[in-house]
Amino acid sequence: MSRSPSFSVKSELSVKADPDAMQRWVLAFCIIRFDLEQGQLIEECYPPGCLSQEEELEVAFSSFPDSVSQHQNRSSIHDCIFFFRFQRHKHSKQGNGTSSEISEIVDKETSSTPEEVKSIRRSRSTDISKSSKYLYGYVFNRQRHDERLKRGGEQKSVVILSHGPYSSVFRPLLQIMGPLYFDIGRKAIEHIAGYVSLWPSPVPGKLMELPIGNAMLKVNLPPAHSLPLESGISYEESASSMAPFLPSNPSVPQGLFHDSDIFGTFRGLLLQLWLLWELLLIGEPILIIAPTPPQCCEAVASLVSLVAPLLCSVDFRPYFTIHDPDFAQLNALQEGDKYPPMVLGVTNLFFLKALRYIPHIVSVGSPAPSSSRVTIASRSTGRIPAKQEGFGLQQLSLKKFSPSSLFNAVKLRRDGPLCLMTEHKEAIWSTYVATTKPDTSILNRLIDAGMSPRVEESMSVVNNEILRRHFLELTTNFLAPFGPYFRATTPSEGSSPYADPPPLPPFDADDFLMSLSARGVGKFLSKRMRSNWLDLYRRFLKGPNFLPWFQRRLSIAENEQHRLWRQARMKTDIHLLITKMLELETVDCFNAIERHLLGEMQLQQSGRAISDSAAMCQKLKGDLQAVFNVLPNDMQQLLLLNPQRAALLQGSSNPELTKLPGRPSIQVGVVSSNSPR
């Protein structure tokens, strides 16, 4: 179990909160109390008015452990940390900025005054919070048992709401904020909000140092390619961030929830991790049930992390309750109906009956025995080491196989998931036959930590790195055959970089499968997959993960190709190039340079120009003049009939606004060396 960072509040060093700056990380801080007469009530919400009434209800109902999942833990205080995710069904349309619009806002920051930057960021944070399709709630829940109180105790939750899946940030923050709130009350919210307001904007894929009082949170954020575009945030992505090779540093996150405890969560089901990887890869609906919210949250997070570096487009809910608006639709599905692609983490055993037709059910975790020990769920998920019982038909124990384990497995298969109503067991119920074979060499490298909590946690870190790196390699090799479709080209030696780059290869599913069948899947996968591996690719192409990932990669590859050709134009010696051209080729080159120059000028006018845009304009202007000089006189006179073109060639300092048919209005004066960046 991780130790909570120390934190002290000094009034003379208090930091005033800036709600607009805070929203780069946090949408709201909520305090929710369980009232015996009225149920869940929001006592505090900072800043006020940022949630709709429906969202307030959803946050309130999702911020407490389900009563059906509670155990008779008679300790005086019981703390736990978990998180949930819900869809914003009625979020404001005016905030739905496109990625290009948001990129434009980011670019404007580089050419604005400090006052303008503050205004832009305030507008940007508001747009982000409104346009996020999902919200994440990170919960610190405290149950205080006191026989003197009505019904023997009380419950209260401290909740951080964010548009980002930053569990590596908000878990340790809750370890500070949760106990602090129960010590000093509302002041804790104000102090934490003040420090969060000072944090720099999130930088995906980077190690960030975030000060909080006298502590420093050092956290790795998930990379840009793993963050969904519907989050309303557009980060700069490069081809290098998605290159088909493994990182040398295993601690660098390659996907969401890089800090999740795969080994601790699925320790009793290790042999089935490859089955679960496939199910998530192709987008099959999965129900994960666990005794407590921290355990089911960790299971969902670990499962999502298995498919890195693939963009996960499956709807995942780390802690799902019957109060979720989507529950009514799921509950109405009958036998034979198709479930949407989603991963649900639940603790309420009622879901075993309500969603009995869901095709894949996974039971994880260990019930907490009655204990007086205070536990806080953190990276170790609040899991108490206990003897594994009830091995399912598709489960692996770290112990050797025995006839009794086979008997238990057959009994579990016969009884079905409803056997969990009487006794919790770790097992999987699924009729899906995996294509990928479990890698026993990986399993043999794992270390069984024994019963010591301190040793178990340190060994889990080692085991998690082994497992995460293996599945990262597995996913990377699975996606490798798509690489040729994202291969950006550079101008060949001696060719003109002013021509339009060739389009990337078009994708056709049938052609891809036929080609892949002919050349094979590669040495790495051929050793680990059965002969029907092509069927897995067919399912993947039809599943929810393929198209969003492919389009994202294609867009990045196109941008990379545009960058490479633009870079080549910047370095080309135009005088050497035109000596090898015929007259017709020279005219084409002139037209191409003019088109690129007008494009750069348009970017400058719109405020979306990149840092070297002014230098590029000057280079293209000089190239345009050089090509013009070698053209015949009659052709030169013909070109000069256009006043806008004449202004470009003569370098006119008079900013006359002219317009060509089919071209945007261009202010000629911006081609000077003093143009704003």
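Nothing here was measured: the structure is a model prediction, and the numbers come from that model.

Asker: Can you help me understand the overall build of the protein chain in this one?
Answerer: Counting secondary structure elements, the protein chain contains 23 helices and 14 strands. A buried classification covers 52% of the 677 residues belonging to the protein chain. For the protein chain, the proportion of contacts with a sequence separation of at least 24, taken over those separated by at least 6, is 75%. Of the roughly 31,500 Å² of accessible surface on the protein chain, a fraction of 53% belongs to carbon and sulfur atoms.

Asker: So what exactly am I meant to see when it comes to the packing of helix 20 (residues 583–606) against helix 21 (residues 613–629) here?
Answerer: A pair of packed helices can be characterised by two numbers: the angle between their axes and the separation between those axes. The N-to-C vectors of helix 20 and helix 21 enclose an angle of 155 degrees; their axes lie 9 Å apart at closest approach. Here helix 21 runs roughly antiparallel to helix 20, going by the angle between their axes. Crossing handedness for the pair helix 20 and helix 21: left-handed. On helix 21, the residues touching T586, C589, F590, I593, E594, H596, L597, E600, M601 and Q604 of helix 20 are S613, A614, M616, C617, L620, K621, D623, L624, V627 and F628. Of the residues in the contact of helix 20 with helix 21, the class split is 12 nonpolar, 4 polar and 4 charged.

Asker: What is the right way to read the nonpolar core from this model?
Answerer: The nonpolar side chains of soluble globular proteins are, as a tendency, buried together. One finds W25, F29, L161, L273, W277, F478 and Y537 to be the most contacted residues of the largest nonpolar core, which totals 126 residues. When near neighbours in sequence (up to four residues on either side) are disregarded, F478 contacts W277, L281, L525, M529, L536, Y537 and F540. Core analysis: the next-biggest nonpolar cluster, separate from the first, contains 24 residues, I578, F590, C617 and A626 among them.

Asker: So what exactly am I meant to see when it comes to unusual backbone geometry here?
Answerer: Apart from glycine, the bulk of residues carry a negative phi angle, and the bulk of peptide bonds sit in the trans form. The step from Y46 to P47 runs through a cis peptide bond, and the omega angle for that step is -5 degrees. When you line up the elements, P47 lands in the loop between strand 2 (39–46) and helix 2 (53–62). Cis geometry is found at the peptide bond from A308 to P309, where omega equals 10 degrees. Its place among the elements puts P309 in the loop between helix 9 (293–305) and strand 9 (315–317). Although it is not a glycine, F257 sits at a positive phi angle of roughly 55 degrees.

Asker: Sorry, what's going on with the pairing of strand 6 (residues 207–212) here?
Answerer: Taken residue by residue, a regular strand's side chains alternate between the two faces of the sheet. Along strand 6, the buried face is formed by M208, L210 and I212; none of L207, E209 and P211, which line the opposite face, is buried. As paired elements, strand 6 and strand 7 (residues 215–220) share 6 bridges and run antiparallel to each other. Pairing of M208 across the sheet is with V219, part of strand 7. Hairpin connection between strand 6 and strand 7: a loop of 2 residues separates the two successive antiparallel strands, and G213 in this loop has a positive phi of roughly 65 degrees.

Asker: Hey, could you run me through the side chain of S226 in this one?
Answerer: Here S226 shows up in the loop between strand 7 and helix 7 (262–265). Exposure remark for S226: the relative accessible area of 3% places this residue in the buried category. Not counting residues up to four positions away in its chain, the partners in contact with S226 are G255, L256 and L311.

Asker: Any chance you could explain the packing of aromatic side chains here in plain terms?
Answerer: Geometrically, a pair of aromatic rings is defined through the distance of the ring centres and the angle of the planes. For the structure on display, the rule yields 39 aromatic pairs. Judged by centre distance (5.5 Å) and plane angle (80 degrees), the rings of Y181 and F182 are edge-to-face. Classification of Y181 as buried rests on a relative accessible area of 10%. Taking relative accessible area as the criterion, F182 reaches 25% and is therefore assigned partly exposed. Seen from their ring centres, F482 and W549 are 5.5 Å apart, and the 75 degrees between their planes marks the pair as edge-to-face. Of this pair, F482 sits in the loop between helix 14 (453–479) and helix 15 (509–519) while W549 sits in helix 18 (residues 546–571), and the two are 67 residues apart along the sequence. Overall, F482 belongs to the buried group, its relative accessible area being 0%. Take W549: its relative accessible area is 2%, and that puts it in the buried class. Over the aromatic face of F182 sits the side chain of R142, whose NZ or CZ is 4.6 Å from the ring centroid. Sitting over the ring of F524, R528 keeps its end group 3.8 Å from the ring centre.

Asker: Could you clarify how one ought to interpret the environment of G164 in this entry?
Answerer: Structurally, the position occupied by G164 is in the loop between strand 5 (153–162) and helix 5 (167–184). The exposure class assigned to G164 is buried, which follows from its relative accessible area of 1%. The spacing of G164 and Y134 is 30 residues in sequence and 8.6 Å in space, taken between C-alpha atoms. Apart from residues lying up to four places away in sequence, G164 is in contact with Y136, Y138 and F170.

Asker: Is there a simple way to explain the sheet that holds strand 1 (residues 28–35) in this structure?
Answerer: Whenever strands of a sheet pair, they do so through backbone hydrogen bonds, lying parallel or antiparallel. Reading across from one edge, 2-1-5-4-3 is the order of the 5 strands in this open sheet, with antiparallel pairing throughout. At either margin of the open sheet sits one strand with a lone partner, and together these are strand 2 and strand 3 (77–87). Mean inter-strand twist for the sheet, computed between neighbouring axes without regard to direction, equals 20 degrees. Pairing analysis gives 6 bridges linking strand 1 to strand 5, with the strands arranged antiparallel. Residue pairing for strand 5: C30 is matched across the bridge by V159. Of the strands in this sheet, strand 1, strand 2, strand 3, strand 4 (134–145) and strand 5 touch helix 5, which is tilted by about 140 degrees from strand 5. Each of strand 1 and strand 2 is contacted by helix 6 (residues 187–198), which is oriented at about 155 degrees to strand 1, the strand it contacts most.

Asker: Where do I start with the sheet that holds strand 12 (residues 427–429) in this structure?
Answerer: Strand order in this open sheet of 5 strands is 9-10-8-11-12, and the pairing throughout is mixed. The sheet is open, and its two borders are formed by strand 9 and strand 12, each paired with just one other strand. Strand-to-strand twist across the sheet, computed as the mean angle between neighbouring axes with direction ignored, equals 10 degrees. Pairing analysis gives 4 bridges linking strand 8 (residues 286–289) to strand 10 (residues 342–346), with the strands arranged parallel. Across the sheet, residue L287 finds its bridge partner in strand 10, namely L344. Packing of helix 9 onto the sheet brings it into contact with strand 8, strand 9 and strand 10, and relative to strand 10 it is tilted by some 160 degrees.

Asker: Honestly, the pattern of salt bridges in this entry has me stumped. Any pointers?
Answerer: Opposite charge on two side chains permits pairing when their charged atoms draw close. Under the counting rule described, the total for this entry stands at 21 salt bridges. Among the salt bridges present, the one from R85 reaches D315, with a minimum N-O distance of 3.1 Å. Pair noted here: R85 is in strand 3 and D315 is in strand 9, with a separation of 230 residues, a long-range link. R171 is paired through a salt bridge with E298; the nearest N and O atoms lie 2.6 Å apart. Of the two residues, R171 is situated in helix 5 and E298 in helix 9; the sequence distance between them amounts to 127 residues. E298 matches R171 in its accessibility class, with the two residues each being buried. Through salt bridges with shared partners, a single ionic network connects R85, D315, R317, D324 and D326.

Asker: Can you walk me through the environment of C589 in this structure?
Answerer: Tracing the chain through its elements places C589 in helix 20. Here C589 falls in the buried class, since its relative accessible area comes to 4%. For the pair formed by C589 and A499, sequence separation is 90 residues and the distance between their alpha carbons is 7.4 Å. Discounting residues that sit within four places of it in the chain, C589 has contacts with Y498, I574, M581 and V627.

Each value, and the rule that gives it
Residues numbered from 1 in each chain as written. Predicted model: local features only at pLDDT ≥ 70, side-chain atom pairs only at ≥ 80, totals over all residues. Heavy atoms only, no water. Helix = DSSP H or I, 4+ residues; strand = E, 2+ residues; numbered from the N terminus. Buried < 20%, exposed > 50% of the residue type's maximum accessible area, 1.4 Å probe, protein only. Contact = heavy atoms within 4.5 Å. Areas by Shrake-Rupley, 256 points an atom, 1.4 Å probe, with all protein chains shown as cover. Axes fitted to C-alpha atoms, helices over the stretch in contact; angles between N-to-C directions. Parallel < 35°, antiparallel > 145°, perpendicular 65-115°, else oblique. Left-handed = near helix turned anticlockwise from the far one by under 90°. Nonpolar A, V, L, I, M, F, W, Y, C, P; charged D, E, K, R; others polar. Core = buried A, V, L, I, M, F, W, Y, C linked by side-chain atoms within 4.5 Å. Pairing = 2+ DSSP bridges. Phe/Tyr/Trp six-rings, centres within 6.5 Å; stacked < 30°, edge-to-face > 60°. Lys NZ or Arg CZ within 6 Å of the ring centre and 35° of its normal. Salt bridge = Lys/Arg side-chain N within 4 Å of Asp/Glu carboxyl O.

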